[in-house]
Structures are given as C-alpha cells and as structure tokens.
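Read off the chains here:
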Amino acid sequence: MERLDAFMARANAAYYASRDPFADFTTAPEISQVFGELLGLWAAELWMAMGEPGAVVLAEAGPGRGTLMADALRAIRQAAPAFGRALRLHLVETSPRLRAAQAEKLPEAAWHDRIEDLPPGPLLLLANEFFDALPIRQFVRRGQGWTERFVERGRFVEGPSSLSAPVCGAGRDEAGEATRPEGTIVEYPQAARPLVSTLAARLVEQGGAALLLDYGPERPGPGDSLQALRAGRPADPLADPGGADLTAHVDFPALAAAARAAGAAVFGPVPQGLFLARLGLFQRTGRLARQNPARAASLRNAAARLAEPDQMGRLFKAMAICHPALPHPSGFAA
Ligand code: SAH
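The sections below set out a description of the structure shown in this document. (Residues numbered from 1 in each chain as written. Predicted model: local features only at pLDDT ≥ 70, side-chain atom pairs only at ≥ 80, totals over all residues. Heavy atoms only, no water.)

Overview of the sheet that holds strand 3 (residues 87-92)
Spatially, 4-3-2-5-10-15-14 is the arrangement adopted by the seven strands of the open sheet, whose pairing is mixed. In this open sheet, the two edge strands, each paired with only one partner strand, are strand 4 (110-112) and strand 14 (265-271). For this sheet, the mean inter-axis angle between neighbouring strands, taken without regard to orientation, is 20 degrees. Of the strands in this sheet, strand 10 (208-215), strand 14 and strand 15 (316-322) touch helix 8 (residues 252-261), which is tilted by about 5 degrees from strand 15. (Pairing = 2+ DSSP bridges. Helix = DSSP H or I, 4+ residues; strand = E, 2+ residues; numbered from the N terminus. Axes fitted to C-alpha atoms, helices over the stretch in contact; angles between N-to-C directions. Contact = heavy atoms within 4.5 Å.)

Regarding the nonpolar core
Grouped together as the largest cluster of nonpolar side chains are 54 residues, with contacts concentrated most on Leu58, Phe83 and Phe275. Residues in contact with Leu58, not counting those within four places in the same chain, are Ala43, Met69, Leu73, Ile76, Phe83, Leu87, Arg88, Leu89, His90 and Leu124. Ala59, Phe131, Leu195 and Ile321 belong to the second largest nonpolar core, which has 30 residues in total. (Core = buried A, V, L, I, M, F, W, Y, C linked by side-chain atoms within 4.5 Å. Buried < 20%, exposed > 50% of the residue type's maximum accessible area, 1.4 Å probe, protein only.)

Observations concerning the site of the ligand
Near the ligand lie 16 residues; those nearest to it are Thr27, Gly62, Gly64, Glu93 and Asn128. Between the ligand and the protein, one listed contact pairs a nitrogen atom with a backbone N or O atom of Gly62 at 2.6 Å. Contact with the protein chains removes 91% of the 570 Å² of surface that the ligand exposes when unbound. Put simply, the ligand lies in the largest pocket. Here the residues of the shell around the ligand are counted per class, giving seven nonpolar, five polar and four charged. (Near = heavy atom within 4 Å. Polar contact = N/O pair within 3.5 Å; in protein donor to acceptor, adjacent residues only side chain to side chain. Areas by Shrake-Rupley, 256 points an atom, 1.4 Å probe, with all protein chains shown as cover. 1 Å grid on protein atoms, 1.4 Å probe; cavity = no way out; pocket = protein on both sides within 12 Å on 5 of 7 lines; lining within 4 Å. Sits in = over half its atoms within 2 Å of the grid points. Nonpolar A, V, L, I, M, F, W, Y, C, P; charged D, E, K, R; others polar.)

A word on the layout of surface pockets
In this structure, the largest pocket spans a volume of roughly 1100 Å³. Every residue lining the largest pocket is counted, 49 residues in all, and those nearest its centre are Tyr16, Glu129, Phe130, Asp132 and Ala133. Of all the secondary-structure elements, those providing two or more residues to the lining of the largest pocket are helix 1 (4-18), helix 2 (28-31), helix 4 (67-79), helix 6 (96-105), strand 11 (227-230), strand 13 (245-247) and helix 12 (309-313). Looking at the lining of the largest pocket element by element, the count peaks at six residues for helix 1. When the residues that make up the lining of the largest pocket are grouped by side-chain class, the tally is 26 nonpolar, 12 polar and 11 charged. Considering the residues around the second largest pocket, the lining is formed by 22 residues, among which Glu187, Ser225, His249, Val250 and Asp251 are closest to the centre. If one sorts the elements of the lining of the second largest pocket by residue count, strand 9 (residues 185-188) sits on top with three residues. Looking at the lining of the second largest pocket residue by residue, the classes come out as 14 nonpolar, five polar and three charged. (Points joined across faces, edges and corners; volume = space filled by probe spheres on them.)

What to know about empty space enclosed by the protein
In the structure shown here, the tally under the stated rule is one cavity of 30 Å³ or more. Along its surface, the largest cavity is lined by Ala11, Arg230, Asp236, Pro237, Asp240, Pro241, Gly242, Ala244 and Leu246. Tallied by class, the residues present in the lining of the largest cavity amount to five nonpolar, one polar and three charged.

Points about helix 7 (residues 192-206)
Taking 1.5 Å as the rise per residue, helix 7 with 15 residues should run 21 Å; its terminal C-alpha atoms sit 21 Å apart, in good agreement. For helix 7, the set of buried residues is Ala192, Arg193, Leu195, Val196, Leu199, Ala200, Arg202 and Leu203. Tucked inside the fold, the buried residues of helix 7 contact strand 5 (123-128), strand 9, strand 10, helix 8 and strand 15. Trailing helix 7 by a residue or two, Gly207 shows a phi angle of about 95 degrees, which is positive. (Expected span 1.5 Å × (residues − 1).)

Observations concerning the packing of aromatic side chains
All told, the structure shown has seven aromatic pairs when counted by the stated rule. With a centroid separation of 5.9 Å and 45 degrees between ring planes, the pair formed by Phe22 and Phe25 is classed as tilted. Each member of the pair, Phe22 as well as Phe25, is classed as buried. Seen in terms of ring centroids, Phe267 and Phe332 are 6.3 Å apart; in terms of plane orientation they differ by 40 degrees. Their pairing is tilted. (Phe/Tyr/Trp six-rings, centres within 6.5 Å; stacked < 30°, edge-to-face > 60°.)

Some details on the sheet that holds strand 12 (residues 233-235)
Through backbone hydrogen bonds, the strands of a sheet pair up, either in parallel or in antiparallel fashion. Strands sit in the order 12-11-13 across an open sheet of three strands; the sheet is antiparallel. The open sheet has two edge strands with one neighbour each: strand 12 and strand 13. Put simply, the sheet's adjacent strands are angled 40 degrees from each other on average, direction ignored. Pairing of strand 11 with strand 13, which is carried by three bridges, proceeds in the antiparallel orientation. Within strand 13, the position partnered with Leu229 by the bridge is Asp245.

Things to note about the pairing of strand 15
Among the seven residues that make up strand 15, seven are buried, leaving the element largely enclosed by the rest of the structure. Neither face of strand 15 is open: one carries Phe316, Ala318, Ala320 and Cys322, the other Lys317, Met319 and Ile321, and all of them are buried. With seven bridges joining them, strand 10 and strand 15 adopt antiparallel strand pairing. Paired with Asp214 across the two strands is Lys317, which belongs to strand 15. The pairing of strand 14 with strand 15 spans five bridges and is classified as antiparallel. Across the sheet, Val266 pairs through a bridge with Ile321, a residue of strand 15.

Such coordinate-based values are descriptive only and should not be taken to indicate function.
Rendered as structure tokens:
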C-alpha cells in the first residue's frame, strides 16, 4: 500500500526517465514558437523593472525538449541584448533523457534536480506544465471524518490519514469542508505547496519573479482530477506506473496563498488565452505570418489553439509570483 503522492512521484520519475512524453501529449511551446518568445520578452521586462542587474539567473522548471527556452532566448537576444548578456541559464530537470534533448538546443545551460538547488541571486523562473506533474494527495469524506487514498495493486484503497482535518487548498472554504457529502474527494498539493513557499521566500529575499503556466480551475472544488495520458488518450492512472504521464489540476489558490504567506506578491491566475493576448500573441503571429506566407495558416491555427477558450485558452492559467517591490507585470490586468 503506497500513499498516492508516493505512487505519483515514483510513476512520473519512471515515465520521464524512460519515455518520450511528447509522443503522449503536446504542450504550448511545441504548438507555436510565439509562446516561448512572449515569455522571454515577459522576463526581459521584469529584468528591466528589477533595475537591470548585471547577473541574473534565468531558469526554467521542467523544460521538456528545450523549445520554450530556445524561443525565449532568441526573442531576448533580439529585443533585449543587455538582458541576454546578463542572464545565466539554469534548467531544473530530473530526467537524464530530457536533459540530453535540452542540451542539444541549450548547450550553455547548467542543470539541477530541484528548484531549491538553483544558485542564489536575482531569479527569473519560467515553468510551463511543471506543477501539474507534482505529486498530490487525495482525501475522501467518510462519516464525520476523512480517509486518505492509497494505491495497492493498481487500485485505490482507503486508509486512515495522518491528518485529522482535510488539508485542502487554503483558497477554499475550510469551514465548508466539514459538511461535504459522503464520498467527496478533495486534493492537496503535497509537493507543490512547500515548493512554492520556498520559492516565494527566496524571491522576497533575493529578488525576482516566477511565471507559472498550468492547467487548473480558478476556484477548485472537490473532485478527483488525477489523470493519465497515453498517445493523446486518457488511460487508467494506476494501471501501469511509469507507462503514462500522471497529472492533476494545479490548485492555484492554494499556491497563491502559500506565496503570499511568504511575503511575495501574486498576480493572477488569469486564463492563458487572455494572458497571451495581452502580451501580443496575435500581433506577433500576424507579423510572422506576413513574413512567411506559406506558414501563415498554420501559425494562425497555432495561436488560436493556445488562446481559444474551448482549446487551451481557458483551462490553462498564468500566475506570477513576484518580489513585492516589483511593478505590476504584463499580462495581468491592473
Ligand atoms: N515545460 C515543457 C515540458 C512539460 S512536461 C513543455 O511545456 O513542453 C514536464 C517536464 O517537467 C518534463 O521536462 C519533466 O521531465 C519535468 N519534471 C516532471 N517532474 C519533475 C520533477 N519532480 N523535478 C524536475 N523535473 C520534473
């Protein structure tokens, strides 16, 4: 019997170490080059707002194939060459296989296993579809209390929880948790929450900002959001640990509360479509399309895929965690 977060950590470590995740799902930077370019320019603007420090860590958590960062750096070198000279590139990646893919596109990078291992100093961190892969716990309402979900031989079993009260996102109505109907499932971001606390404390102490893009509702309710994807299709998340990518909705309010408790300023979450449109997704796509008429239709389709509410525009969200003295970052309404 293994607690769900331990199962998820083990399954995803095996999955990312042995498989090409992009055979099973695609991500925003693989859909359009404009995604990474806009995030690079977002970071450049923050660097200017920070007073243009002569040395800054530009980091990405879970860089996949390295596409986002390669697109970001190209835009940075063109639009903000001084930032290009000041930045030191650091990547957080545990999979040796993906590190090798990243090294082909980003040979100048240094790699780390954990965000906590990034070198000190001002930091600008980007993370797209990283937090959804981090282990969660699930609790089930039984009688007057809660049980916890464990995994045994490919199935869920319920057992006593080490926690006396449900530890749902701090953004939720905690008093309401006591009156949930029998069988209600609630989730807790077991790995992401302490990670965001540590990251926010570091940003407050040493300066900088982090931009998280991931999928999850604005106001998470109860429910089981654990899912597995194989070859683009939903699969049983417990059946074959390491054979499919396991993700869960990111609990943005819980992570925002953890960051605020550490003294950081939080912006968003806002829907990804709105965020990218505010950063100039359609203008930049239009410009590229005019320069490459043969690719115009596919560039416009890609932008629509990222921004349309019924595609990735609404379920995906952007949230920024910033040093409290920084001005309001682009993409988040004042
Ligand atoms: N950001 C990329 C890839 C998303 S897939 C994109 O948008 O295309 C998730 C990425 O996070 C992979 O690179 C995976 O190896 C990495 N990853 C997942 N869990 C991790 C963990 N606990 N520590 C470090 N990297 C992790």
